[in-house]
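Next come the chains, spelled out residue by residue.
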Amino acid sequence: MERIGVVGLGRMGSAMALRFAAQGAQVTGWTRSGRTVEGVASAPDLGALVAASDALVLSLYDDAAVAEVLDALLGHDLPGKLILETSTVVPKILQDREAALAARGAELADAPVSGGPEMVEAGTCGVFLGAAPDTAGRAAALLRLLTPRVARVGPLGAGMVMKTINNSMLQAYVAGLREMLPLARRAGIPLADVLGILNAGPAGLPMIRDRMAKILGEDETVGFTLAGIAKDNDVFRRVVEAHGLTAPVLAQAGRIQRAAIESGLGESDPAAAIAAAYHDG
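Let me sum up the structure you'll find in this document. (Residues numbered from 1 in each chain as written. Predicted model: local features only at pLDDT ≥ 70, side-chain atom pairs only at ≥ 80, totals over all residues. Heavy atoms only, no water.)

**Some points on the packing of helix H8 (residues 158–186) against helix H14 (residues 270–279)**
The geometry of a pair of packed helices is captured by two quantities: the angle between their axes and the separation between those axes. Packing of H8 against H14 brings their axes to within 7 Å, and their N-to-C directions diverge by 30°. The angle between H8 and H14 falls in the class roughly parallel. Crossing handedness for the pair H8 and H14: right-handed. From H8, Val174, Leu177, Arg178, Leu181, Pro182, Ala184 and Arg185 reach across to H14, where they touch Ala273, Ile274, Ala277, Tyr278 and His279. Looking at the contact of H8 with H14 residue by residue, the class counts come to nine nonpolar, one polar and two charged. (Axes fitted to C-alpha atoms, helices over the stretch in contact; angles between N-to-C directions. Helix = DSSP H or I, 4+ residues; strand = E, 2+ residues; numbered from the N terminus. Parallel < 35°, antiparallel > 145°, perpendicular 65-115°, else oblique. Left-handed = near helix turned anticlockwise from the far one by under 90°. Contact = heavy atoms within 4.5 Å. Nonpolar A, V, L, I, M, F, W, Y, C, P; charged D, E, K, R; others polar.)

See below:
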């Protein structure tokens, strides 16, 4: 089994490191902030992580962080190393560096994850894999330690395009739901009843069904923040625009997200914004 190094130990990176370890992999973590995760070995610096790993899994917050780490990796010899970029960033970040990383001996794949940390730890998240054919098999084998839901969708960059399509549909659904919930409240229909009826029929969505306890205030844990959702919305819109298209529904979802953040919900789970749309409507 390949030795795995995880770069970035935030909510998603920590969940991935723990999931890999639970599957019996040798896992080492490193993050620029110095954060560590109990149960996962830590490297003192990026060079030590590279030396201790056959595959490097990047789980970082934004374009700038991914670009910084990839550029830093170019300062190391990388023969035979597989770099799996799982963050939500525009494909150009990877595509612009593919040739330089290959010249250092590395293989590169984009493998963005759909699903929050709780789904990663449970092994139920989805992964969209974009890689050259020679790299895809190796990458898929490693990713299946995370989840059986690994879909190879095309060349480098296609993984992020597929995540854009998939998660944009989720964002569009939530934006529409939040627009309708004030109507339910004004008509006197309890929130639990509205969601229960939707969940039981063709207008339901597993994402909402699985978050019922959070939406109804019975579970106050935060899986992924609304600020993170809004950041992803910006990435998705730039992915669409890079292909010469527009996505007005995504733009509307972004406006709704920003309004919720301005109301103080930025660090809350997105479920809190759904509940707020009902109670404040």
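**So, empty space enclosed by the protein**
The final tally for this structure, using the stated rule, is one cavity of 30 Å³ or more. If you go around the largest cavity, the residues you meet are Glu85, Ser87, Val89, Leu94, Asp110, Pro112 and Met160. Class assignment of the residues belonging to the lining of the largest cavity gives a composition of four nonpolar, one polar and two charged. (1 Å grid on protein atoms, 1.4 Å probe; cavity = no way out; pocket = protein on both sides within 12 Å on 5 of 7 lines; lining within 4 Å. Points joined across faces, edges and corners; volume = space filled by probe spheres on them.)

**With respect to the pairing of strand S5 (residues 82–85)**
Sheet faces and side chains relate simply in a regular strand, where the side chains alternate between the two faces. Taking every second residue as pointing to the same face, both faces of S5 are buried, with Leu82 and Leu84 on one and Ile83 and Glu85 on the other. Relative to S5, strand S4 (residues 55–58) is paired through four bridges, and the arrangement is parallel. Pairing of Ala55 across the sheet is with Leu82, part of S5. In this fold, S4 hands off to helix H3 (residues 63–73), which returns the chain to S5; that crossover is right-handed. (Buried < 20%, exposed > 50% of the residue type's maximum accessible area, 1.4 Å probe, protein only. Pairing = 2+ DSSP bridges. Right-handed = clockwise from strand over helix to strand, strands pointing away.)

**Concerning the environment of Leu198**
Note on placement: Leu198 falls in helix H9 (residues 191–199). Discounting chain neighbours no more than four positions away, the residues touching Leu198 are Tyr173, Leu177, Ala203 and Gly204.

**What about H14?**
Counting buried residues along H14, seven of its ten residues qualify, which places the element largely inside the surrounding structure. Among the residues of H14, Ala271, Ala273, Ile274, Ala275, Ala276, Ala277 and Tyr278 are the ones counted as buried. Packing partners of the buried residues in H14 comprise H8, H9, helix H10 (206–209), helix H11 (212–215), helix H12 (226–242) and helix H13 (248–265).

**Let's talk about the nonpolar core**
Judged by nonpolar contacts, the single largest core of 32 residues is most densely connected at Phe20, Leu84 and Leu129. Of all elements in the fold, only strand S1 (4–7), helix H1 (11–22), S4, S5, strand S8 (126–130) and helix H7 (133–143) reach the threshold of two or more residues within this core. Ignoring any residue separated from it by four or fewer positions in sequence, one finds Phe20 in contact with Ile4, Val6, Ala25, Val27, Val57, Leu142, Leu145 and Leu146. In terms of nonpolar packing, the next biggest core, distinct from the first, is built from 31 residues, Trp30, Leu58, Leu94 and Val235 among them. (Core = buried A, V, L, I, M, F, W, Y, C linked by side-chain atoms within 4.5 Å.)

**Digging into the side chain of Ser114**
Tracing the backbone through its elements, the reader meets Ser114 in strand S7 (residues 113–114). At a separation of 3.0 Å, a polar atom in the side chain of Ser114 contacts the side chain of Asn166. A distance of 3.1 Å separates polar atoms of two side chains, one belonging to Ser114 and the other to Asn167. Once residues lying within four places of it in the same chain are set aside, the contact partners of Ser114 are Cys125, Gly126, Phe128, Asn166 and Asn167. (Polar contact = N/O pair within 3.5 Å; in protein donor to acceptor, adjacent residues only side chain to side chain.)

Such coordinate-based values are descriptive only and should not be taken to indicate function.
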